[in-house]
Each structure stands twice: as C-alpha cells, then as structure tokens.
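Coordinate inspection notes
Okay, here's what each chain looks like letter by letter:
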Amino acid sequence: MEAFWRRNSHVEKERHVKANARDYNDKFSYADNHIKTSKYNVFTFLPINLFEQFRRVANVYFLVLLILQIIPEISSLSWFTTIGPLVLVLAITAVKDATDDYFRHKSDQQVNNRQSQVLIRGSLQNEKWMNVRVGDIIKIENSQFVAADILLLCSSEPYGLCYIETAELDGETNLKVRQALTITSDLGDITKLMDFDGEVICEPPNNKLDKFTGTLYWRDNEYPLDNEKMLLRGCVLRNTEWCFGLVIYAGLQTKLMQNCGKTSFKRTSIEKLINTLVLWILAFLICMGVILAIGNTIWESQIGRNFQVFLPWNEFQRSAVFSGFLTFWSYIIILNTVVPISLYVSVEVLRLGHSYFINWDRKMYYSQTDTAAEAHTTTLNEELGQVEFIFSDKTGTLTQNIMVFSKCSINGKTFGDIYNEYDQKVEITEKTACVDFSFNPLCDRRFKFYDSNLVEAIKLEDLAVQEFFRLLALCHTVMPEEKSEGNLVYQAQSPDEGALVTAARNFGFVFRARTPETITLCEMGRAVTYQLLAKLDFNNERKRMSVIVRNPEGQIKLYSKGADTIIFDSLDPSNEDLMYTTSEHLDEFAREGLRTLALAYKDLDEEDFDVWMKKLLFASTVIENREKQLADLYKEIEQGLRLLGATAIEDKLQEGVPETIARLSLADIKIWVLTGDKRETAMKIGYSCNMLPDDMSEVFVISKHTVQEVQQELRSAKEHILGLSRVSSTGDVEKTNMFVVDSVFEETIIAEYALVINGHSLAHALEPQLEHVLLDLACLCKTVICCRVTPLQKAQVVELVKRHKGAVTLAIGDGANDVSMIKTAHIGVGISGQEGMQAVLASDYSFAQFRYLQRLLLVHGRWSYFRMCNFLRYFFYKNFAFTLVNFWYGFFCGFSAQTVYDQWFITLFNSVYTSLPVLAMGLFDQDVNDQNSLRYPCLYKPGQQNLLFNKRQFFLCMLQGIGTSFLLFFIPYGAFSVMVKEDGSNFSDQQTLAVTIATSLVIVVSVQIGLDIHYWTAVNHLFIWGSLTVYFAILFAMQSNGIFGIFPSIFPFIGTARNCLSEKSVWLVILLTTVVCVVPGLVVSFLRADLFPTLTDKVRHQQLRKREGPQEQNLRRVRRTSSGRSAKAFSHQQGFGELITSGKNMRMNTVPSVSSPGRTPHSSTWIENVLKRKNRVSCANDESTGGPENSEIAKQTPKQQHTD
C-alpha cells in the first residue's frame, strides 16, 4: 500500500471517469481493483519484520549486548545467555506476525479472485475482481458483493431502486435503499449500456462513507450525484435481482480500503511508567558498572600487579585504567538481566489473557440479542481499573432506544393523558384500556395509545390534526415493505422515525409506498399519491428534515420536522402565540423524560418555488462547497413556517441503569452525560438515574447565548460553591482566595451540586479563555449534564478533561454520533443497540447493556490493574534479587567480571525456572471475588490514585530485591567460610557456592510468590511446584556424567550438584537463607494488615470469616417524592408503602448504600486499643452515615486505605 501511494504521490483534485472508455481512463493512472493488505512476502518477511522489531528500544538494547558478548576481551558470558532469550522473543513475535500476514494473504487472494461480470466489447464477460478497472460497467446479481465503488445506473426494480446491506462498512444489518438517476434507470439493455458514454466528474478518493459529491455529464445535460446513487465496495445486493453500475473508485482507492488505515495507538499509564522505569534501571545498571569498573582499576593498580607473573595482562591491556574500562563493559553484560527482556512479552501475554476473560464472562452476555462482551484491544485492560471520568451518551446508552409514540401537541392542545370524571389526571398502567383502532384495517396491532380524544379529532376531520399526521407520513426516509396485503413492515434508519410513521399509520395516514418521485399514502382509507419535488435532508448542523411535495390538488407544500429551537426560529411571526403554548407543552413533555420534535409546514408559491428549484439544481452540480450552498438554500426556503404542533416519544431506561450509576459513583467515578436532547429531557433522565437526587444542594443551569453571559454564570456558580463550602468549624467563612481550586479542596466539598449546560453555552465555555473555569466548576459538581451538544462538542469535552485533569477517561455510546467521543477518550466502549454498529466498530470494548459497565470496571478492570501491579512488583523484585548477587560477588573476585551462577542458569532463570508462576499469578490472582468487588465499590479507588504500582512501589520492591540479593550471597558465603563437609573437608570450590546460591534463589522467589498470591488455583500449584521440579531436574541433568560425556566442553561441572546437595549442612544453609530472606517481608505484611488494615484487607477478612455468606443488601434507590419535576414516566415498579407501614425504616435517617460486614471480634488484650481502627467495612463511607464505625472509615483517603 505504501508503494502505491509513493507511485501516486501527486494530489488528485478531482476525478474524471468516462463510461466504456478504458483508453481515456488509463491516462489518469487510477488504481486497479487489486488489493493488498498483507505486509510481507517470502523474500521481504525476514528483513522487514526484524527491522520493525528492532525499532523497539528493548530489542536494540539486547542486540547491543549480544554484540558486546562477541568481543572476547570484554565478554564474561557466553553469547547464548543473551541470544537465547532474544531469539525466543523475536521468534514468538515473528511467528505471530507471520501467522497474521498469512491469513491476510489468503484473504487478499480470495477477494482478488472473486468473479464479476464486466461489460467488454458488447458482451458480459467474467473477470476476476482484480482485473476490474475504473470506467468499467459491471453487473451485480442478488446476494453478491459489490466489487468496487460504483455509480448505480439501473436495476431490475422499478425506478432504478435497489436494496443493499452495509454490514462490512458500518456493521448495520438493516437494508438501505439506493436509487439510480431517472435518466439512467432505463438502461437495462446491454445495447443501451454499450452506447452509454456519460462522464462523471467527482471528488477525489476519500474515506467518508456517508458523503459523495459528483456530477454526471451526458447528452449535454448535468445531473447531480450524491451518496444515495452510490454502491460502495463491501456492500451486498439484497432483494434485487440485478443491477448495473459504473466503476468510480477501485482497489485501494475505494472508501472501504481508505477506512482501513491505522488507528491511533493508545498506551496505558502503567506502560508509560514501565518505559520510564526501564530507563531508570539502565541508569542504575550503568552506575553499578562504573562502581565495579572503579573497583577493578583500584584492585589492579594495588593488588593485581602482584599477580602478573602468573596472571599477565593481555597484549592490548596497557594499564589498570584500561582494564577498568573493559571491566565496565563486562559487568554491563553480566548485570544486563536487571532489565528483563521477557518483561514485555509477559505483559502482552497477561493482557491477552485478561481480554479473553472479558470475552468469556457469561454475566456480561445479553441473551435477548445473543450478544457477548468483547474486547477489541489487548492494551488497555489494566487502565479499566483506573477510570475517573465516564462520558455517556443518553439515548440508546442509558435508555433502550426503543421509541414509543406517547403524547403530542396539535394546534395548542395536548393529547396523550387521560382524566377521570373529576378532571384529574389518571396514571396509565398495564390495565388501562387502549384506544380502539379497529376503524383502520391497516393499523399496527402492537401500537398502544390511551387518549381517545385524538381518534375522535381524526374522525371529525379536524384539519390541523389531519395535517399533523400527514406531515408525519410524508416527512421521513422510511422504506415500506408490504409482505402481504395490509402487512406493512417499515425499514427505518432511526427508531424515532419508525415510531412517528407507525403513529401516523394507526391514526389513519398510512405510508404505503415510495418511488424516487412519488410518495403514496392511504388517508382514512383513500389512496393519495404526492409528487416528491425535493427532500431536504437532516444532518447534525441543520437538526431538521423537510420535504416539498405537490398534492393531488396541485398545491405545493413544504413539511418540516426538527428540534424545537430550530423550528421556532423559522416560524412566521403570526405564530407567536401558538409557539408559546406549544413551548409550554414541550417543556412539560421534556420534564417527563420524553423526546420531542416540533412540526411545521408552509404553502409555496409556484413561481417562487421554480426560481428556488433552479438555484437548487445549480448548487447540486457544484463540486466545491456544494454542502454549504445547499444548506444556505435549504435555510432560505425553510422560513415563514406555520406551526402544527409537537410530538413526544418515550424512550425507557435500560434495566439496571440507576443501580449501575450508584455503584460507579460510590467508586468515586464521575459520570457526565453528553446528549443531543432537550435540557428538560436530559434532566428527567438524570432524576430517574439517581444522578440528580432530591437531596442535591443545587442544580446550576447554564443557558446563555453570549460569551460574557456564560462567563458570568460559570463564575457565579463557582463562587457560590466555594463561598458556601469554605466555612470553618465556627461557622465563619474563611478569608481565602475563592477562585483557587485544587484536587485537595475538591475532596473537602461536602454539599452536592450538579451542572447542566446546553450546546450554545458550551460552545462559548469551550473557548480558551473560559475552558478552565468550566472545568473547575464541573469538577466541583457531582453530576454534569451537557444537552443539545453536537458530536464534535462531545469530543471536545472529553479532550478538555483528558488534557487538563490527567485522569483516565472512558466514553460510552451506541451511535455514529458517539464515534468521535469514543475515539478521543482513553477507553472507548460501544453498546450494540438500535443505532447500528458504528460505535462498536470504533470502540475498544463492547457489550449490549449499560449495566455491564459496572462489571467491566469494578470487576475486570480492578482485577486487571491489581494483577498487573502485583506481577510488576514481583517481576522487578525477582530480577533485582537474581542479578545483584553478581554485584556483591564482584567485591570478592577482584572485580574480574566473573559470575556466581552457571551460564545455563542465567539463560534459563527468567525463561524457564520462574516464568510460569508469575504468569499464573498475573492471570488468575484476585484479592476479593467478583461479588465483593461489586458489593464494595470503594475497593476501586486505589487504582484511580495509582497506589498499587508507582515509582514509590518500584523503589520498595527494588530495595527488597537488593536486600534479598545481599542475603542470598552473604549468608552462604559466610556459612561456607566456617563450615566443613561431613568428611571434614572445606567448602572451597566456587561451583558449590554457585549451586547453593542458585538453589536458594529459586526457592526464595518461589516461596515469595506463594506468599504474594491471594487466590490459589490448581494452575498456581502446578506451575510453582512444577518449576521447582524442572529446576532440579535440569540442574542434575546438566551436571551428570551422561551429558558430560556428550558435551564435555559445554557442561564441564560434572557431579557438582550431586556432591553439593548431598550435604545436610548445605540444605541447612539453604533453609536459613530462605527463612531470613522471606520472614522480614512476611512480618511487615502481617503487621501492616493487622495494625493498618486497608479496605481490601477488611473485605478479605470478612470473605474468609463469613462461611455462611454475607447477607445481600440492595443499593439504595433515591426516590423523588416532593419535586414537581418527578413525572410518572419511569415509575413502573412497586412503591414503598409496605415498608413505611411496617415501621422498619424508622430506625435510621439514611439507608445504607451497601451491605456492611460485622465487626471482627478481638480478645481483650493490649492490642485492642491499637486495633480500634479496624472497623466495619462499608463502601458507604463517602455516601452515608450508619454509625460511628462507618464515620471513621469514611475519614480514610484512598492513600490511607492502601498504606504500604
């Protein structure tokens, strides 16, 4: 692909394609239809793959070491000690890359060899896809893939219609409609197609799947082309016998292939820390090399010269200083294992395992849609345990995105509520009688409506009501499918449109059929066909859609629906009174959590419309700035509208959303809702989700239109919070700077606030001079809701927090409008809902329901972070303990760069003896089970503070490793200096010391990992005991008579292990070394857990102590009882009447948020006073007060909870 772009380095400004003219098109050197996604071939694999791997600093480091080891003057280790692990790492990566590329080769070959029918020299000929060229006319049959990006010319369906499935492009399986130009729709005959010589001038190749701008020039006429005329490569033709198309883009220039570029690589904070620590370790390694080199220089100058008679210097070794220089490099080679090459491979193995655990979790499987959770990346798992901010879409994410037509306002009157004989509103339940739609034989039997007044208005032929539903039946992009007489099925691109068209259908205005030029309705049993003159499409900037039609009486009408703010701005001044009345109804609907749209229409004058239509046709053929010119023309004609009314659609909450938000809030995760809905609708969802509880101190609403007004509101709200919060214990306001906000002060604010800001105010607040004020205020609030925001603004809000707070962010959504937000956040989560799969395809993780987010973060995320941190702490400890023994030995061997260990032990220690136990710990360990992880959300907080592995933790495990290496060397060294064997001889050989230290090391690190493991499995037992067994087996095998006879020069130490380990005193030394190395750390861990228990320690204690299982308590649900904003839209469950009458709720003021394990009993000893801090575990410590014990735990910060 790179070679292709180098050959075509010139920038293509516009594309010219002529039908049936290969010679003409060849002069532009357009790409052919051959694709190549593979990276290598047989000859280039080795050099290119090695080049890519050696772009990693760690691999280059070990390659340099290998080169140094080849130099005999400085090499104190055989080359295989480094080349073994290096080749292993390179080979594993190469095999993985080769396997991936092999499958890419197979896929490319399969795709390139697909057959396609191409019109060549007057006949259809079968050609391979890779031989199709730009300008060819190809035939596609039902259920076939589209070979290239083609302009639809004609099809077997009337009016040039065809149906396609775009699952490979955007993941959506619902059928989409494409239609040919009317002028080409009758080119179904081969002869006509051969005579077709039209030329297309269009935009150059790009990756915009939903946009195409071009013009067809044929027979001295110009015809505008847009995306509705295009079939893209990767689509499948459905429900259409055949179609013909003109190839516009081929091969790597198709939109599908243009979207196959590399996505931005996300790195976790732990990965960045590891890279920093490796550089520190390199600096530490150099320091050790310098110390030992200086020692060698001093030793050679003062002592070594006395031994030159029988240990002469080499010819090139001229001085002690030069000897020290060579020794420096020798020790760099010896001590290189302090930077473990296997670290990066092990981390990738752990991440892969953690990803599979997410994929295999049956508790995140949604059976209704047969959708399992899926990890699309393996690099972010541990960061799931460190999230501080969640940015969530509302529709389809918090709600079900299953729309139901609930209420409406028509000509100033509302419909949808029912009243009793006392004119009191009656709550609608499942037992409420539905309206009888039997007068309409084409009604949808599943549709339910309860207000009979609307049906009566329809039957009385109320003109406003009829025009209202006529608009709903005409102004949309729905496609009807009539499987049998009267059995209509609507294919809608959004659930909102489907709900509105279904409502119009039931009230007597049935959408029956459409062609490119007509729309057919059945109005109260009478078929009526409207001529479709123009369609003014919806987009995120316009926020409305309009159609212009000519009715059977010849009148031209414009029907428009869209956001109320947009429609109201376009109304005729004479509609002012009706606008105010409808606006009140809209506010009422929004307070009930309903999604609203305003409807309006306009009668058009024939002459004015003709003038406007000419402007439209001209703008439609312009290549540059076509979209802007069209938008201006749309706005021009959408003025002076007459208001009809408004619709209200109910979108119910998903199951488990309030409980999920409550748990995540207890985990100190801030949840911001970013939605395009009205403010009242968004706030209603906030009340229903417990994001805006009754006891919230104040909700700040920012809704101004100028920079100055927005700035004033933001600063007033911030001043209000700081002014009320900075109160001393005597009740006086502290005289401090009220505008200095830091993270410490944010934690001291006890009152709870919420911020609600709309889109136009947010646009000003995101400007450079105000963004810090906005961020400070938002972080002081418990809840933030941004409404009426665009997709770009969603991404800007995420980027603002990401850039200035340094916190891990997560964005979750279900639609294409959430993609930018998902890609901007550290972690992107897609929900496979009703709006297609674009969010899922762009995400790092996906599942079917919002409630699974709590399990993804509080269980899998916390476990992944916990396991990775434990793995890293142990890994660094193990390598420091292993490597620094050679450092201490240097002081007793004349700084001669001799190693303590046998060279084979150095080679196998990290790759064989200790690799599997640490991997098992990193894969399967868990401090508490998944139930307790969810029951106590506060356990999540240490990850947010990066407490389990940071620079301080690294230095602690580094010190532990240095101390262990010190003991591993000096205890055997000191013991052998005074010990004798059973036969009275001394332990005088270096290999006996080496075997003793090596055996002690393997046992010590095995015991240490056994103590570090919190959750034992059969795999842990197998790997730990198996590794010890393998160590002794290899040790005795390498020093046996048999292998010495085969390789005497490679394995010279015959019988050392057998002679050494047969001595009881050696085993006593090994036992003493193990005990002394392990016991101090064990004592510290015990005292810390007993005297300064963390929240995790307390939960683990209860988990072990309560065999009968803790009693479940549900998370509290904050019910709104007094606010007028609490409508009945979401009150669909049993109330608390029985609880109130029982008197069980009279004992405490607040309901505990989670279950609380009981107090741990202690004997009456001196330690009891110290252990008073060991209180009942409760994650309600930040949210509720349940007694003195909870209040004490509540005072612990996360750092106190995880004191080391």
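Residues numbered from 1 in each chain as written. Predicted model: local features only at pLDDT ≥ 70, side-chain atom pairs only at ≥ 80, totals over all residues. Heavy atoms only, no water.

1. Points about the overall build of the protein
Here is the rule: Secondary structure elements follow DSSP: runs of H or I no shorter than four residues count as helices, runs of E no shorter than two count as strands, and numbering proceeds from the N terminus. Accessible area is worked out with a 1.4 Å probe on protein chains only. A residue is then buried under 20% of its type maximum, exposed over 50%, and partly exposed in between. What makes two residues a contact is simply this: any of their non-hydrogen atoms within 4.5 Å. The protein chains shown are the only cover counted for residues, whose accessible areas, like all others here, come from Shrake-Rupley with a 1.4 Å probe.
Looking only at helices and strands, one finds 43 helices and 35 strands in the protein. For the protein, the proportion of its 1204 residues judged to be buried stands at 53%. Taking the intrachain contacts of the protein between residues at least 6 apart in sequence as the baseline, contacts between residues at least 24 apart amount to 73%. Working note: accessible area of the protein is about 54800 Å², and carbon and sulfur atoms make up 55% of it.

2. Observations concerning the UniProt feature "binding site: Mg(2+)" (unreviewed entry) in the protein
As a reminder, the rule being used: UniProt positions are given in the numbering used here, feature names are shortened, and annotations may be inferred rather than shown by experiment.
Mapped onto the present numbering, the UniProt feature "binding site: Mg(2+)" (unreviewed entry) falls at Asp393, Thr395, Asp814 and Asp818. In terms of the greatest pairwise C-alpha distance, the residues named above, spread along 426 residues, form a tight cluster of at most 10.7 Å across. Examined against the element boundaries, aspartate 393 turns out to sit in the loop between strand E15 (387-392) and strand E16 (399-410). Judged by relative accessible area, aspartate 393 falls into the buried class, the value being 4%.

3. Quick word on the packing of helix H4 (residues 57-70) against helix H10 (residues 320-334)
A pair of packed helices is captured by two measures, namely the crossing angle of their axes and the spacing between those axes. Inclusion rule: Axis geometry follows a simple rule: fit a line to the C-alpha atoms, using only the stretch in contact for helices, then measure angles between N-to-C directions, giving values from 0 to 180 degrees. When describing relative orientation, an angle under 35 degrees is termed roughly parallel and one over 145 degrees roughly antiparallel, while 65 to 115 degrees is termed roughly perpendicular and anything else oblique. Take the far helix as your reference; a near helix turned counterclockwise from it by less than a right angle gives a left-handed crossing, and one turned clockwise gives a right-handed crossing. For this scheme, ten residues count as nonpolar: Ala, Val, Leu, Ile, Met, Phe, Trp, Tyr, Cys and Pro. Four count as charged, namely Asp, Glu, Lys and Arg, and the remainder, Gly too, count as polar.
The N-to-C vectors of H4 and H10 enclose an angle of 125 degrees; their axes lie 10 Å apart at closest approach. Classified by the angle between their axes, H4 and H10 sit oblique to one another. Both H4 and H10 take part in a crossing whose hand is left-handed. For the pair H4 and H10, the contacting residues are Leu65, Leu68 and Gln69 in the first and Trp329, Ile332 and Ile333 in the second. The residue makeup of the contact of H4 with H10, split by class, is 5 nonpolar, 1 polar and no charged.

4. Points about the sheet that holds strand E1 (residues 15-18)
Short version of the rule: Any two strands with at least two DSSP-identified bridges between them are counted as paired.
On the basis of which strands lie adjacent, the open sheet formed by 4 strands has the order E1-E8-E9-E10 and antiparallel pairing. Edge positions in the open sheet fall to E1 and strand E10 (221-225), since each of these has one partner strand only. Each adjacent strand pair in this sheet contributes to an overall mean axis angle of 20 degrees, direction not counted. Of the pairings in the sheet, the one linking strand E9 (residues 214-218) to E10 comprises 5 bridges and is antiparallel in character. Each bridged residue has a counterpart across the sheet, and for glycine 214 the counterpart in E10 is leucine 225.

5. Observations regarding the sheet that holds strand E4 (residues 137-141)
Taken in spatial order, the 6 strands of this open sheet run E3-E2-E4-E13-E5-E11, and their pairing is antiparallel. Since the sheet does not close on itself, it has two edges, and those belong to strand E3 (123-128) and strand E11 (230-231), each with one partner. Of the strand pairs in this sheet, strand E5 (residues 149-155) and E11 are connected by 2 bridges, and their pairing is antiparallel. If you follow isoleucine 150 over to E11, its bridge partner there is leucine 231.

6. A word on the UniProt feature "active site" (unreviewed entry) in the protein
Here is the rule we go by: Pairs of N or O atoms are called polar contacts if they sit within 3.5 Å, as long as, within protein, a hydrogen donor faces a hydrogen acceptor (for residues adjacent in sequence, only side-chain-to-side-chain pairs).
What UniProt calls "active site" (unreviewed entry) maps, in this numbering, to Asp393. With near-sequence residues (within four places) excluded, aspartate 393 lies in contact with Leu398, Leu674, Thr675, Lys794, Ile812, Gly813, Asp814, Asp818 and Met821. A polar contact is formed between the side chain of aspartate 393 and the side chain of lysine 794, at a distance of 3.3 Å.

7. A short note on the pattern of salt bridges
In a structure, side chains of opposite charge can pair up when their charged atoms sit close to one another. Quick reminder of the rule: Here a salt bridge means any side-chain nitrogen of Lys or Arg lying within 4 Å of a carboxyl oxygen belonging to Asp or Glu.
Here the structure, examined in full by the defined rule, presents 44 salt bridges. Linking glutamate 592 and lysine 407 is a salt bridge whose minimum nitrogen-to-oxygen distance equals 2.6 Å. Of this pair, glutamate 592 sits in the loop between helix H16 (576-591) and strand E27 (594-604) while lysine 407 is found in strand E16, placing the two residues 185 residues apart along the sequence. For the pair glutamate 592 and lysine 407, one class covers both residues: buried. A salt bridge links aspartate 776 to lysine 718, with the shortest nitrogen-to-oxygen separation between them at 3.2 Å. Here lysine 718 lies in helix H21 (residues 707-725) and aspartate 776 lies in helix H24 (residues 771-780), a separation of 58 residues in the sequence. Within this structure, Glu467, Arg470, Glu523, Arg526, Lys557, Asp603 and Arg642 form a network of salt bridges that share partners.

8. Side note on the environment of lysine 128
Among the structural elements, lysine 128 can be located in strand E3. When its relative accessible area of 35% is taken as the criterion, lysine 128 is described as partly exposed. Apart from residues lying up to four places away in sequence, lysine 128 is in contact with Asn112, Asn113, Arg114 and Gln115.

9. Some thoughts on the packing of aromatic side chains
Quick reminder of the rule: Side-chain rings of Phe, Tyr and Trp (the six-membered ring for Trp) are treated as a pair once their centres are within 6.5 Å; stacked means planes under 30 degrees apart, edge-to-face means over 60, and tilted covers the remaining angles. Two limits define a charge over a ring: the Lys NZ or Arg CZ must be within 6 Å of the ring centre, and within 35 degrees of the ring normal.
A complete count under the given rule lists 59 aromatic pairs for this structure. Ring centres of phenylalanine 891 and phenylalanine 895 lie 5.2 Å apart, and the angle between their planes is 70 degrees; this geometry places the pair in the edge-to-face category. Among the aromatic residues, those joined into a ring-pair cluster are Phe887, Trp888, Tyr889, Phe891, Phe892, Phe895, Phe966, Phe969, Phe970 and Tyr973. One Lys or Arg, lysine 878, reaches over the ring of phenylalanine 875 and ends 4.4 Å from the middle of that ring.

10. Things to note about helix H17 (residues 606-620)
Stated precisely, the cut-off is as follows: Multiply 1.5 Å by the residue count of a helix minus one, and that product is the helix's expected span. Arc, as used here, means the arc of the directions from the helix axis to the C-beta atoms.
Here H17 is 15 residues long and its end C-alpha atoms lie 21 Å apart, about the 21 Å a rise of 1.5 Å per residue gives. Of the residues making up H17, those classed as buried are Phe609, Trp612, Leu616, Ala619 and Ser620. Projected down its long axis, H17 carries its buried residues within an arc of 90 degrees, all on one side. Exposed positions of H17 whose direction lies more than 90 degrees from the buried face are Glu607, Lys614 and Phe618. Taking the backbone nitrogen of glutamate 607 as reference, a side-chain oxygen 3.1 Å away marks aspartate 605 as the first, capping residue of H17.

11. Here we look at a nonpolar patch on the surface
Basically, it comes down to this: The residues that make up patches have over 30% relative accessible area and no salt bridge, and they are joined within 9 Å when like-charged or within 5 Å when they are Val, Leu, Ile, Met, Phe, Trp or Tyr.
On the surface, a cluster of nonpolar side chains totalling about 630 Å² of accessible area is made up of Leu1068, Leu1071, Val1075, Val1079, Val1083, Phe1086 and Leu1087. For valine 1075, the position within the fold is in helix H38 (residues 1064-1091).

12. Digging into the pairing of E4
Across the 5 residues that make up E4, a large majority, 4, are buried. As defined by bridge partners, strand E2 (residues 115-120) adjoins E4 across 2 bridges and the pair is classed as antiparallel. Pairing of glutamine 117 across the sheet is with lysine 139, part of E4. In this structure, E4 lies alongside strand E13 (residues 242-249), joined through 5 bridges in antiparallel fashion. Considered in E13, the bridge of glutamate 141 is made with tryptophan 242.

13. Description of the confidence of the model for the protein
Formally: Each residue carries a pLDDT score, the predictor's confidence in it, ranging from 0 to 100.
Of the residues in the protein, 85% reach a pLDDT of 70 or more, and the chain-wide mean stands at 82. For residues 1-9, every residue scores under 50 in pLDDT, and the model assigns this stretch 7 contacts once sequence neighbours within four places are set aside. Ignoring residues within four places in sequence, the model shows residues 726-748, a span with pLDDT below 50, making 27 contacts including any to other chains.

14. Quick notes on helix H28 (residues 852-890)
Applicable threshold: Note on bend: at a given residue it equals the angle between the axes fitted to the 7 residues ending there and to the 7 starting there.
Helix length check: H28, at 39 residues, gives a terminal C-alpha distance of 56 Å against a target of 57 Å (1.5 Å per residue), a fit within 8%. At glycine 861, H28 is deflected by roughly 30 degrees, the largest bend along its length. Most of H28 is tucked away, with 38 of its 39 residues classed as buried.

15. Remarks on a negative patch on the surface
Our working rule: Note that His is not counted, nor are the chain ends; the positive residues are Lys and Arg, and the negative ones are Asp and Glu. A charged residue contributes its charge at one atom only: NZ of Lys, CZ of Arg, CG of Asp or CD of Glu.
Together, Asp605, Glu607, Asp608 and Asp610 line one region of the surface with negative charge. Among the structural elements, aspartate 605 can be located in the loop between E27 and H17. On the basis of relative accessibility, which here comes to 42%, the residue aspartate 605 falls in the partly exposed class.

16. Some remarks on the packing of H28 against helix H29 (residues 903-913)
At a closest axis distance of 12 Å, the pairing of H28 and H29 adopts a crossing angle of 175 degrees. With respect to each other, H28 and H29 are oriented roughly antiparallel. Mapping the contact onto sequence places Lys878, Asn879 and Phe882 in H28 and Phe905, Ile906, Phe909 and Asn910 in H29. Residue composition of the contact of H28 with H29, by class: 4 nonpolar, 2 polar and 1 charged.

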